[in-house]
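Listed below are the residues making up each chain.
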Amino acid sequence: MAPMSDAQSFKDGLLAAIPNLRAFAMSLCGAADKADDLVQETLVRAWDKQASFQPGTNLRAWLFTILRNEFYSQMRKRGREVSDADGALTAAMAAHPEQAGKLDMQDFQAALVKLPDDQREAIILVGASGLSYEEAAEICGCAVGTVKSRVSRARTRLSQLLDVTDSSEFGPDGVSTHVMNRPLVGNAA
């Protein structure tokens, strides 16, 4: 850390430079609130990096360089950002919560393990892998009717194990679906 007199003169130099920094920031930003934010960020960065300042050099020039670099960094960052003032883009990216789905998947995996091997194999081939009954029968080395029977028994047993009686019990609950499908404020018909 610098001796007390150097630290105090650094602090005094920062305070003395504020009006000039603000004027420069206003010329770059064009808005007082943004200029004030830019000056504040400049002062924070300067304070954080005061050990890299060489005493005896031009403090104002160093501060102006920090301010200018911060301004251009913010401009580059804003160039990568998307304006979404009304929230339409954010609302379109909304997703259902994952917690319930993860728990449902854990329950399904536990139930799947409880199936007999031949039924588990058939339902995975047809249901999860998307193979036709004919392709699954060829892989299992049995008749197409046998695969259909195994898949049917597997579905019935999974329904029992998971206590599922209706297809509406899958997926997001009614409240989540309502929230996700509600019209945007200002865009309602």
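Each chain has its residues counted from 1, running along the sequence as written. Thresholds applied to this predicted model are a pLDDT of at least 70 for local features of residues and 80 or more for the giving and counting of side-chain atom pairs; totals over whole chains, interfaces and linings are not thresholded and use all residues. In computing side-chain properties, one takes all heavy atoms of the structure into account and sets aside hydrogens as well as water.

Caption draft 1: Representation of the packing of helix H6 (residues 117-128) against helix H7 (residues 133-140) in the model. Axis definition: a line fitted to C-alpha atoms, over the contacting stretch in the case of helices. Angles run 0 to 180 degrees between N-to-C directions. The numbering of helices and of strands both runs from the N terminus, where a helix is a DSSP run of H or I of at least 4 residues and a strand a run of E of at least 2. Running from N to C, H6 and H7 cross one another at 140 degrees; their axes reach a closest spacing of 9 Å. In terms of orientation, H6 lies oblique with respect to H7. The crossing of H6 and H7 is right-handed. Residues Glu 121, Leu 125 and Val 126 of H6 form the contact with H7, whose own contacting residues are Tyr 133, Ala 136, Ile 139 and Cys 140. Just so you know the grouping, Ala, Val, Leu, Ile, Met, Phe, Trp, Tyr, Cys and Pro go in nonpolar, Asp, Glu, Lys and Arg go in charged, and all remaining residues, Gly too, go in polar. Broken down by class, the residue content of the contact of H6 with H7 amounts to 6 nonpolar, no polar and 1 charged. Our angle categories are set so that under 35 degrees counts as roughly parallel, over 145 as roughly antiparallel, 65 to 115 as roughly perpendicular, and the remainder as oblique. Put simply, a crossing is left-handed when the front helix is turned counterclockwise from the back one by less than a right angle, and right-handed when it is turned clockwise. The contact rule is simple, with two residues in contact once any of their heavy atoms fall within 4.5 Å.

Caption draft 2: Up close: the side chain of Thr 42. Within the secondary structure, Thr 42 is located in helix H2 (residues 32-48). By relative accessible area, Thr 42 is classed as buried at 0%. Under this definition, polar contacts are N or O atom pairs within 3.5 Å; protein pairs additionally need one hydrogen-donor-capable and one acceptor-capable atom, and for neighbouring residues in sequence, both atoms have to be side-chain atoms. At 2.8 Å, the side chain of Thr 42 forms a polar contact with the backbone oxygen of Leu 38. Among residues more than four places away in sequence, those in contact with Thr 42 are Leu 63, Ile 66 and Leu 67. Note on classification: 1.4 Å probe, protein chains only; a residue is buried when its accessible area is under 20% of the maximum for its type, exposed when over 50%, partly exposed between these limits.

Caption draft 3: Inspection of the pattern of salt bridges at higher detail. Should a side-chain nitrogen of Lys or Arg be within 4 Å of a carboxyl oxygen of Asp or Glu, the pair is scored as a salt bridge. Under the counting rule described, the total for this entry stands at 5 salt bridges. A salt bridge links Arg 120 to Asp 117, with the shortest nitrogen-to-oxygen separation between them at 2.4 Å. Placement of both Arg 120 and Asp 117 in helix H6 is noted, with a separation of 3 residues, approximately one turn of the helix. Ionic contacts of the salt-bridge type, sharing partners, join the residues Glu 41, Arg 45 and Glu 70 into one network.

Caption draft 4: Quick peek at the packing of aromatic side chains. Only Phe, Tyr and Trp rings are paired, with Trp represented by its six-membered ring, and only when their centres lie within 6.5 Å; those with planes under 30 degrees apart are stacked, over 60 edge-to-face, the remainder tilted. Tallying each qualifying case throughout the model produces 6 aromatic pairs. The ring of Tyr 133 is capped by Lys 148, whose NZ or CZ atom sits 5.6 Å from the centre of that ring. Lysine NZ or arginine CZ positioned within 6 Å of the ring centre and within 35 degrees of the ring normal marks a charge as sitting over the ring.

Caption draft 5: Quick look at the environment of Phe 108. Here Phe 108 lies in helix H5 (residues 99-113). Since its relative accessible area comes to 30%, Phe 108 is described here as partly exposed. Each C-alpha atom, one on Phe 108 and one on Leu 161, is 8.7 Å from the other, the two residues being 53 residues apart in sequence. Aside from chain neighbours lying at most four places away, what touches Phe 108 is Leu 158 and Leu 162.

Caption draft 6: Structural context of helix H8 (residues 144-162). To estimate how far a helix should extend, the number of its residues minus one is multiplied by 1.5 Å. In a regular helix each residue adds 1.5 Å, so 19 residues correspond to 27 Å; H8 covers 27 Å between its end C-alpha atoms and thus fits that length. Residues Val 147, Arg 150, Val 151, Ala 154 and Leu 158 constitute the buried set of H8. Across the axial projection of H8, the buried residues extend over an arc of 100 degrees, all falling on one side. Residues of H8 that are buried sit in contact with H5, H6 and H7. Of the residues one or two after H8, Asp 163 is the one with positive phi, at around 55 degrees. This arc describes the spread of directions from the helix axis toward the C-beta atoms.

Caption draft 7: Spatial organisation of helix H3 (residues 59-80). Along its 22 residues, H3 runs 32 Å from first to last C-alpha, staying within 8% of the 32 Å computed at 1.5 Å per residue. Between the side-chain oxygen at the start of H3 and the backbone nitrogen of Arg 60 there is a gap of 3.1 Å, and the oxygen is on Asn 58.

Caption draft 8: Region of interest: the side chain of Gln 119. Counting through the fold element by element, Gln 119 comes out in helix H6. With residues near it in sequence (within four places) discarded, Gln 119 still touches Arg 150, Arg 153, Ala 154 and Arg 157.

Caption draft 9: Expanded view of the packing of H6 against H8. For the pair H6 and H8, the least separation of the axes is 8 Å and the interaxial angle reads 100 degrees. As far as their axial angle goes, H8 and H6 are roughly perpendicular. In contact with Asp 118, Gln 119, Ala 122, Ile 123 and Val 126 of H6, H8 contributes Val 147, Arg 150, Val 151, Arg 153, Ala 154, Arg 155, Arg 157 and Leu 158. A breakdown of the residues in the contact of H6 with H8 according to their chemical character gives 7 nonpolar, 1 polar and 5 charged.

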